[in-house]
Amino acid sequence: MTLLFRITLIVCALLVFIYVLRKIRHSELKIADSTFWFIFALVILLLAVFPHIAFFFSNIFGIESPSNCVFLAIIAILLVREFFTTVELSQLRNKVAALAQAEALAELDAIENTDAEAGAGANVGAGAAENATASTPASATTSTPASEGAGEN
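Residues numbered from 1 in each chain as written. Predicted model: local features only at pLDDT ≥ 70, side-chain atom pairs only at ≥ 80, totals over all residues. Heavy atoms only, no water.

Draft legend 1. Spotlight on the pattern of salt bridges. Under the criterion given, the structure shown has one salt bridge. Note that K23 and E28 form a salt bridge whose closest N and O atoms lie 2.6 Å from each other. We classify K23 as partly exposed; its relative accessible area is 24%. (Salt bridge = Lys/Arg side-chain N within 4 Å of Asp/Glu carboxyl O. Buried < 20%, exposed > 50% of the residue type's maximum accessible area, 1.4 Å probe, protein only.)

Draft legend 2. Representation of the packing of aromatic side chains. According to the stated counting rule, one finds eight aromatic pairs in the structure shown. Their ring planes at 65° and their centres at 5.7 Å tell us that F83 and F84 sit as a pair that is edge-to-face. We note that F83, like F84, is exposed. Three or more aromatic residues joined by ring pairs make a cluster, and in this case those are F36, W37 and F40. Here the basic side chain of R81 rests over the ring of F36, its NZ or CZ set 4.6 Å away from the ring centre. (Phe/Tyr/Trp six-rings, centres within 6.5 Å; stacked < 30°, edge-to-face > 60°. Lys NZ or Arg CZ within 6 Å of the ring centre and 35° of its normal.)

Draft legend 3. Looking closely at the nonpolar core. Counting residues in each nonpolar core, the largest one holds twelve residues, listed as F5, L9, A13, F36, F40, A41, I44, L47, A48, A54, V70 and I74. Looking at this core, the element that brings in the most residues is helix 2 (residues 31-49), giving six residues. Among residues more than four places away in sequence, those in contact with A48 are R6, L9 and I10. (Core = buried A, V, L, I, M, F, W, Y, C linked by side-chain atoms within 4.5 Å. Helix = DSSP H or I, 4+ residues; strand = E, 2+ residues; numbered from the N terminus. Contact = heavy atoms within 4.5 Å.)

Draft legend 4. Examining the packing of helix 1 (residues 3-25) against helix 2 more closely. Relative orientation of the contacting elements helix 1 and helix 2 amounts to 165°, with a least axis distance of 8 Å. On the basis of their axis angle, the class for helix 1 and helix 2 is roughly antiparallel. Regarding helix 1 and helix 2, the two cross each other, and that crossing is left-handed. Two secondary-structure elements touch here, helix 1 through R6, L9, I10, A13, V16, F17, V20, L21 and I24 and helix 2 through I31, S34, W37, F38, A41, L42, I44, L45, A48 and V49. Tallied by class, the residues present in the contact of helix 1 with helix 2 amount to 17 nonpolar, one polar and one charged. (Axes fitted to C-alpha atoms, helices over the stretch in contact; angles between N-to-C directions. Parallel < 35°, antiparallel > 145°, perpendicular 65-115°, else oblique. Left-handed = near helix turned anticlockwise from the far one by under 90°. Nonpolar A, V, L, I, M, F, W, Y, C, P; charged D, E, K, R; others polar.)

Structure representation (structure tokens):
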């Protein structure tokens, strides 16, 4: 690995550290989610500071250049991370769909209960009016003597 490549790796690792810390400080990234990125930047930093690690693994895997081994490691780590992120995203989408369905059912029940109560209230009011007229005494419904005399003529 050339000195320029090692310096580039160190600068990139430091930029990742700074960027992740800034996101945490602005509450845009949880500390638990940032651990991967801290470890990732640390691995890049270790490969840059101790290039013999890259030479060792490139010899074991038969990779011609240690820099290709570093790129392969970075790509492999990011692909694994992307897979786990996709799984987590899929689970969250399922949870959102389930919550949306539960909320829609709860709203439907609330609407039906409100309609049922409003209908029962209207029927109770109409029933009360019918009961009031049915329970009125017969003497209250008879006509006055003045109206009786007018009807006889």
